[in-house]
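The lines below spell out each chain.
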Amino acid sequence: MIEGFRIVDAHCHPIHDTLEGCKLNAYGTPDNTADFFSEMRAFGVDFCVGSVIRSTPDPKDFTPFAETNAAGFELEQKNPDYYQTGIRINPLFIKDSIAELEKYHKLGVTWVGELVPYISGYTSYSSPEILEVFAVARDLKMTVNIHSMDNGDIESLVKNLPDLNVIAAHPGERNNVLERAEMMKRHKNLYWDISGTGLFRWGMLRYLVEQCGPEKLLFGTDFPICNISMQVYGVLSERISDEAKAAIFSGNYDRLSGRN
């Protein structure tokens, strides 16, 4: 807890000790599960959400994604009061992906992603194949977190599935921020998490709050890729209300996750 706010990191990538290739840390630390969660707690994160992830740019089958999903769910079971897993799907394997959604939904999972196409062998969020998978996520009332790429492709997704809650990651630089603010205004089911590029530009967060409302934004760090404290204090230092900060830090996650 920092300055009276409950902080939920809605975008992180945990390390699983027995899974190769999931340590997304440029300088070597943290390099194990215990240190990952210890660092999150030490710098003010009260709860975290996200996928165990590794690069599989040319997958031959669904096995790599099933393995990371199982690893993430194991971490959730071991840390139920601190971590919620996000599972990964892949439109190259439609039946496997749908089965995975149904399997984990029965186990209480409500979050999909972060999905990162460029390390998963596909390129679009609005192809017929991925829309078929996302339609199942919609019917199961699961929330989908996607890595931001082409704005038009993201808009096509939310147009095609207006009842699927989509959280795009990384606001980006000014031109993207301006365009993405207008996208959020147009689509009630489109949100953004503020991890990655964007928050370090002074005034960006206030602009999005003023344009779209704080209910459209979720806090995220992208840890261990990015610095936790820079994200936390990026929100705390912006000239927005405490009510807006509380919504961004945890209120919007609570509403969209379907969890208490």
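Note that this is a predicted model, so its numbers are computed, not measured. (Residues numbered from 1 in each chain as written. Predicted model: local features only at pLDDT ≥ 70, side-chain atom pairs only at ≥ 80, totals over all residues. Heavy atoms only, no water.)

Caption draft 1: Broad picture of the packing of helix 3 (residues 94-106) against helix 4 (residues 128-139). Across the interface, helix 3 lies against helix 4 with an axial gap of 9 Å and an inter-helix angle of 15°. With respect to helix 4, the element helix 3 is oriented roughly parallel. The chirality of how helix 3 crosses helix 4 is right-handed. Contact residues: helix 3 offers Ile94, Ser97, Ile98, Leu101 and Glu102, while helix 4 offers Glu129, Glu132, Val133, Val136 and Ala137. (Axes fitted to C-alpha atoms, helices over the stretch in contact; angles between N-to-C directions. Helix = DSSP H or I, 4+ residues; strand = E, 2+ residues; numbered from the N terminus. Parallel < 35°, antiparallel > 145°, perpendicular 65-115°, else oblique. Left-handed = near helix turned anticlockwise from the far one by under 90°. Contact = heavy atoms within 4.5 Å.)

Caption draft 2: Local environment of a negative patch on the surface. A cluster of acidic side chains, namely Asp17, Asp31, Asp35 and Glu39, defines a negative patch on the protein surface. With respect to the helices and strands, the residue glutamate 39 is situated in helix 1 (residues 33-42). (Patch = residues over 30% accessible without salt bridge, like charges linked within 9 Å, V, L, I, M, F, W, Y side chains within 5 Å. Areas by Shrake-Rupley, 256 points an atom, 1.4 Å probe, with all protein chains shown as cover. Salt bridge = Lys/Arg side-chain N within 4 Å of Asp/Glu carboxyl O. Lys, Arg positive; Asp, Glu negative; His and termini not counted. Charge placed at Lys NZ, Arg CZ, Asp CG, Glu CD.)

Caption draft 3: Focus on the sheet that holds strand 8 (residues 217-218). Within the open sheet, the eight strands sit side by side as 1-2-3-4-5-6-7-8. Their pairing is parallel. Edge positions in the sheet fall to strand 1 (8-12) and strand 8, since each has one partner strand and no second. As paired elements, strand 4 (residues 111-115) and strand 5 (residues 143-147) share three bridges and run parallel to each other. By the bridge assignment for strand 5, valine 112 is matched with valine 144. (Pairing = 2+ DSSP bridges.)

Caption draft 4: Structural context of the state of the cysteines. All told, the structure shown has zero disulfides when counted by the stated rule. Not part of a disulfide, cysteine 22 finds its nearest cysteine sulfur in cysteine 12, a span of 12 Å. We classify cysteine 22 as buried; its relative accessible area is 0%. The structure places no disulfide on cysteine 48, whose sulfur is separated from the nearest cysteine sulfur, that of cysteine 12, by 4.1 Å. (Disulfide = S-S within 2.5 Å. Buried < 20%, exposed > 50% of the residue type's maximum accessible area, 1.4 Å probe, protein only.)

Caption draft 5: Structural context of the pairing of strand 6 (residues 166-169). Taking every second residue as pointing to the same face, both faces of strand 6 are buried, with Val166 and Ala168 on one and Ile167 and Ala169 on the other. Examined bridge by bridge, strand 5 and strand 6 share four bridges and lie parallel to one another. Of the residues in strand 6, the one forming a bridge with valine 144 is valine 166. With helix 5 (residues 151-160) bridging strand 5 and its parallel neighbour strand 6, the resulting β-α-β unit is right-handed. The sheet contact formed by strand 6 and strand 7 (residues 190-193) spans four bridges and is parallel. Looking across to strand 7, one finds that alanine 168 is bridged to tryptophan 192. (Right-handed = clockwise from strand over helix to strand, strands pointing away.)

Caption draft 6: Summary view of helix 8 (residues 228-236). Regarding helix 8, the residues found buried are Ile228, Gln231, Val232, Gly234, Val235 and Leu236. Packing partners of the buried residues in helix 8 comprise helix 1, helix 7 (204-212) and helix 9 (242-257). Structurally, the start of helix 8 carries an N-cap: the backbone nitrogen of serine 229 is 2.9 Å from a side-chain oxygen of asparagine 227. (Polar contact = N/O pair within 3.5 Å; in protein donor to acceptor, adjacent residues only side chain to side chain.)

Caption draft 7: Main features of the environment of isoleucine 154. Inspection of the secondary structure assignment puts isoleucine 154 in helix 5. Taking the relative accessible area as the measure of exposure, isoleucine 154 reaches 0% and is therefore buried. As a C-alpha pair, isoleucine 154 and methionine 183 span 29 residues in sequence and 9.2 Å in three-dimensional space. When sequence neighbours within four positions are dropped, the list of residues in contact with isoleucine 154 reads Tyr125, Ile146, Ser148, Met149, Ala168, Met183, Leu190 and Trp192.

Caption draft 8: View of the nonpolar core. Judged by nonpolar contacts, the single largest core of 68 residues is most densely connected at Met40, Leu101, Phe134, Ile146 and Leu157. Looking at which element gives the most residues to this core, the answer is helix 4, with seven residues. Beyond its immediate chain neighbours, meaning those up to four positions away, isoleucine 146 contacts Glu114, Leu115, Tyr125, Ile154, Leu157, Val166, Ile167, Ala168 and Ala169. Counting residues in hydrophobic clusters, the runner-up holds 10 residues, among them Ala10, Val49, Leu218 and Leu256. (Core = buried A, V, L, I, M, F, W, Y, C linked by side-chain atoms within 4.5 Å.)

Everything listed here is a matter of coordinates, which is why it stays silent on function.
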